[in-house]
Amino acid sequence: MTSRITWDGASARRYERQLLGAPAPAGTPVAEVVSTLLATHAQVLSAAELSVGLRLDGATRQDVRAALWEDRSDGRSDGRSLVKTYGPRGTIHLLAAAELPFWSAALTAVPGTASAPPGLRMTPGQEEQVVAAIGDALDGRQLTIDELSEEVVARTGPWAGDLVMEAFQGKWPRWRQVMHRAGQSGALCFAPNRGRKAAYTRPPHFDPLPADEALATLVRHYLHAYGPATPQHFAKWAAAPRGWAADLFAAQASSGRIEEVDFEGAPAWVVTGDTDFPTEAVRGVRLLPYFDAYAIAAQPRERMFPGAAYERALAGGQAGNFPVLLVDGVVAGVWHQRRQGKRTTVTVEPLGRLTRAQERELGKQVERVGEVLEAVPELAVGKVTAGPHA
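The sections below set out a description of the structure shown in this document. (Residues numbered from 1 in each chain as written. Predicted model: local features only at pLDDT ≥ 70, side-chain atom pairs only at ≥ 80, totals over all residues. Heavy atoms only, no water.)

Brief notes about the packing of aromatic side chains
Any pair of aromatic rings gets described here by the distance separating the centres and the angle formed by the planes. Counting across every chain of the model gives ten aromatic pairs. Here Tyr222 and Phe234 contribute two aromatic rings whose centre-to-centre distance is 5.2 Å and whose plane-to-plane angle is 75°, an arrangement assigned as edge-to-face. Here Tyr222 is found in helix H9 (residues 211-226), whereas its partner Phe234 is found in helix H10 (residues 231-238), with twelve residues between them in sequence. Assessed through its relative accessible area of 0%, Tyr222 is described here as buried. (Phe/Tyr/Trp six-rings, centres within 6.5 Å; stacked < 30°, edge-to-face > 60°. Helix = DSSP H or I, 4+ residues; strand = E, 2+ residues; numbered from the N terminus. Buried < 20%, exposed > 50% of the residue type's maximum accessible area, 1.4 Å probe, protein only.)

Structural notes on the sheet that holds strand S11 (residues 266-271)
The sheet built from three strands is open, its strands ordered S1-S10-S11 with mixed pairing. For this open sheet the edge positions go to strand S1 (4-5) and S11, each flanked by a neighbour on one side alone. Note: S1 against strand S10 (residues 258-263), two bridges, orientation parallel. Note on S10: the bridge partner recorded for Arg4 is Asp262. Against the sheet, H9 contacts S10 and S11, and its axis sits at roughly 110° relative to S11. (Pairing = 2+ DSSP bridges. Contact = heavy atoms within 4.5 Å. Axes fitted to C-alpha atoms, helices over the stretch in contact; angles between N-to-C directions.)

What to know about the environment of Gly135
Position of Gly135 relative to the elements: it lies in helix H6 (residues 124-138). What makes Gly135 buried here is its relative accessible area of 1%. As for Gly135 and Tyr200, which are separated by 65 residues in sequence, their C-alpha atoms are 10 Å apart. Apart from residues no more than four positions distant in its own chain, Gly135 is found in contact with Ala187 and Arg202.

A closer look at unusual backbone geometry
Following Gly227, the chain continues to Pro228 via a peptide bond in cis, the omega torsion being 0°. Along the chain, Pro228 falls in the loop between H9 and H10. Between Gln299 and the following residue, Pro300, the backbone shows a cis peptide bond with an omega angle of 0°. For Pro300, the location among the structural elements is in the loop between helix H12 (293-297) and helix H13 (301-304). You will see that Leu19, though not glycine, has its phi angle at about 60°, which is positive. Within the secondary structure, Leu19 sits in the loop between helix H1 (7-17) and helix H2 (30-36). According to the relative accessible area criterion, Leu19 is buried, its value standing at 16%. Of note, Phe291 is a non-glycine position whose phi angle comes to about 55°, a positive value. With respect to the helices and strands, Phe291 occurs in the loop between strand S12 (285-288) and H12.

Structural notes on empty space enclosed by the protein
With the rule as written, the count across this model stands at two cavities of 30 Å³ or more. Computed from the structure, the largest cavity encloses a volume of approximately 90 Å³. Lining the largest cavity are 13 residues; nearest its centre among them are Ala39, Arg89, His93, Trp237 and Ala293. Taken together, the elements giving at least two residues each to the lining of the largest cavity come down to strand S2 (40-41) and H12. At three residues, the largest contribution of residues to the lining of the largest cavity is made by H12. A class-by-class count of the residues in the lining of the largest cavity yields nine nonpolar, three polar and one charged. In this structure, the second largest cavity spans a volume of roughly 50 Å³. Contributing to the lining of the second largest cavity are 13 residues, with Thr85, Leu95, Leu100, Gly183 and Gln184 lying nearest its centre. Elements with a minimum of two residues in the lining of the second largest cavity: strand S3 (82-86), helix H5 (100-109) and helix H8 (179-185). With four residues, the single largest contributor to the lining of the second largest cavity is H5. Here the residues of the lining of the second largest cavity are counted per class, giving eight nonpolar, five polar and no charged. (1 Å grid on protein atoms, 1.4 Å probe; cavity = no way out; pocket = protein on both sides within 12 Å on 5 of 7 lines; lining within 4 Å. Points joined across faces, edges and corners; volume = space filled by probe spheres on them. Nonpolar A, V, L, I, M, F, W, Y, C, P; charged D, E, K, R; others polar.)

This is the structure we're talking about:
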């Protein structure tokens, strides 16, 4: 008999599995928290620090930084370590270093779309040559983007350095159109900044899992964290073709790894046997930063961003561009923090009236934000004037 799952049940289970109901106990490895989220979006590193810190009892941004920059200093890859690299959707994420064999194989198996106009693209052979050159150049070294560019061109040819890629204030060399693929394949990851310049290195060497095994693992982890979900939901999260995602889910279903459920009257999928859901709806107030995994992955989006939240807290339908206020598990406002020295002003714009109990809980959440960011917080309730993050 097909299990029937309600939105309240799904929302409550995601909330708990995302460590929003209660944070992980103090002393839990930071990488374990990141793995629970699958990955932590880190285009804005301070937001990634906050995403993780809010989910780990007593943690601050220094704990995340130590796991990212210090735990790998001996060259080992273990359960405590993080890597900042190109992850899902080709965007910058924190990943558990111990999971790189799975992530690399899965991400490189997801069909991509061309990132450059036809006349500027590299051939598949040139792309492979550039990725190999990046890995060789960064092996045991830390290089800025300019230094890395020189090394790549020297190892491949002048064509790789042609300034043909449109950039923010000029043009980038041709080779940079596959930089995300280098990160996903394990040839590149971020190193600590050198002054104000980003720097790169190579993560510890590893052997990728077979592609089929890695994709099965990815689907299982995704559904455990964010299910019930459809192939279309997964495709959006992974920036994958819908048809390819549908075939992938069909293959997992035929092998018995996932099973179909009724999710609010429509078919969706969970890991086989993972059909226990809470009977009580989510209660509580939480603040989530830019690009938080819960806000991005929870679907259907119109249920996660109900009513006015769909217009106010999304950017053209895209989640993550605003920090969000959660009330009872769904988006109910936006917020922004502005730091000056050791103090930060947290401005919260609720889209509805908060009860006194919710106002008190909001105050505690603001205090926790300050603790994670190592700042003295001040709460202001009013209009958020900052626009969406690009």
